[in-house]
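Listed below, chain by chain, are the residues.
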Amino acid sequence: MTPDDTGTAAPSRTRIEYLEELGDELAKRGFRVRLTLPRGQSPSLHVMNPDASALTENILAEQGADGWWYWWSWAERIATADDVAAAADRVALVLAAR
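In this report, the structure presented in the accompanying data block is examined.

## Comments concerning the sheet that holds strand S5 (residues 56-64)
Neighbouring strands of a sheet are bound in pairs by backbone hydrogen bonds; such pairs are parallel or else antiparallel.
Phase 1 of the analysis: Taking strand neighbours across the sheet as the criterion, the five strands line up as S3-S4-S5-S6-S7 in an open arrangement whose pairing is antiparallel. The open sheet terminates on both sides in strands that have one partner only, identified here as strand S3 (32-36) and strand S7 (77-80). The sheet shows a mean angle of 25° between the axes of neighbouring strands, direction not considered.
Phase 2 of the analysis: Two elements, S3 and strand S4 (residues 44-48), share five bridges in a ladder whose sense is antiparallel. Bridge pairing in S4 places arginine 32 opposite methionine 48.
Phase 3 of the analysis: Those strands touched by helix H1 (residues 15-28) are S3, S4, S5 and strand S6 (67-71), and its axis lies near 140° from that of S5.
Phase 4 of the analysis: Across the sheet, helix H2 (residues 84-94) lies against S4, S5, S6 and S7, angled at about 155° from S7, the strand it touches most.

Now the structure itself:
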């Protein structure tokens, strides 16, 4: 919980909300997306290029000391979760059929 302008506690965004937001942006760009909620593991966003189904990735959203970030499955940061457009740009670039 984080304080809002009134001094009361307001819930912070969840990793699922961040993943849904990125999923919405990537879907607008023509990617197929699916939120996965594996039992006992962190949720992830499965993203696939529909023109090249071998081009897929599982994206994570994790909170660190410096805020929320989107992460590749190989533990490299994509972009801050507050910059959905930048994250979508990077994902689209990596999953682009060349």
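## Considerations on the pattern of salt bridges
Opposite charge on two side chains makes pairing possible when the charged atoms of those side chains draw close.
Phase 1 of the analysis: Counted according to the given criterion, the structure contains five salt bridges.
Phase 2 of the analysis: Among the ionic pairs, arginine 29 bridges to glutamate 25, the shortest N-O distance being 3.0 Å.
Phase 3 of the analysis: For arginine 29, a relative accessible area of 32% translates into the label partly exposed.
Phase 4 of the analysis: Residue glutamate 25 is classed as partly exposed on the basis of its relative accessible area of 22%.
Phase 5 of the analysis: Between arginine 29 and aspartate 89 there is a salt bridge whose closest N-O contact spans 2.6 Å. With arginine 29 in the loop between H1 and S3 and aspartate 89 in helix H2, this residue pair connects regions lying 60 residues apart in the sequence.
Phase 6 of the analysis: Taking relative accessible area as the criterion, aspartate 89 reaches 43% and is therefore assigned partly exposed.
Phase 7 of the analysis: If you follow the salt bridges from partner to partner, you end up with Glu25, Arg29 and Asp89 in one network.

Calculation notes
- Residues numbered from 1 in each chain as written.
- Predicted model: local features only at pLDDT ≥ 70, side-chain atom pairs only at ≥ 80, totals over all residues.
- Heavy atoms only, no water.
- Pairing = 2+ DSSP bridges.
- Helix = DSSP H or I, 4+ residues; strand = E, 2+ residues; numbered from the N terminus.
- Axes fitted to C-alpha atoms, helices over the stretch in contact; angles between N-to-C directions.
- Contact = heavy atoms within 4.5 Å.
- Salt bridge = Lys/Arg side-chain N within 4 Å of Asp/Glu carboxyl O.
- Buried < 20%, exposed > 50% of the residue type's maximum accessible area, 1.4 Å probe, protein only.

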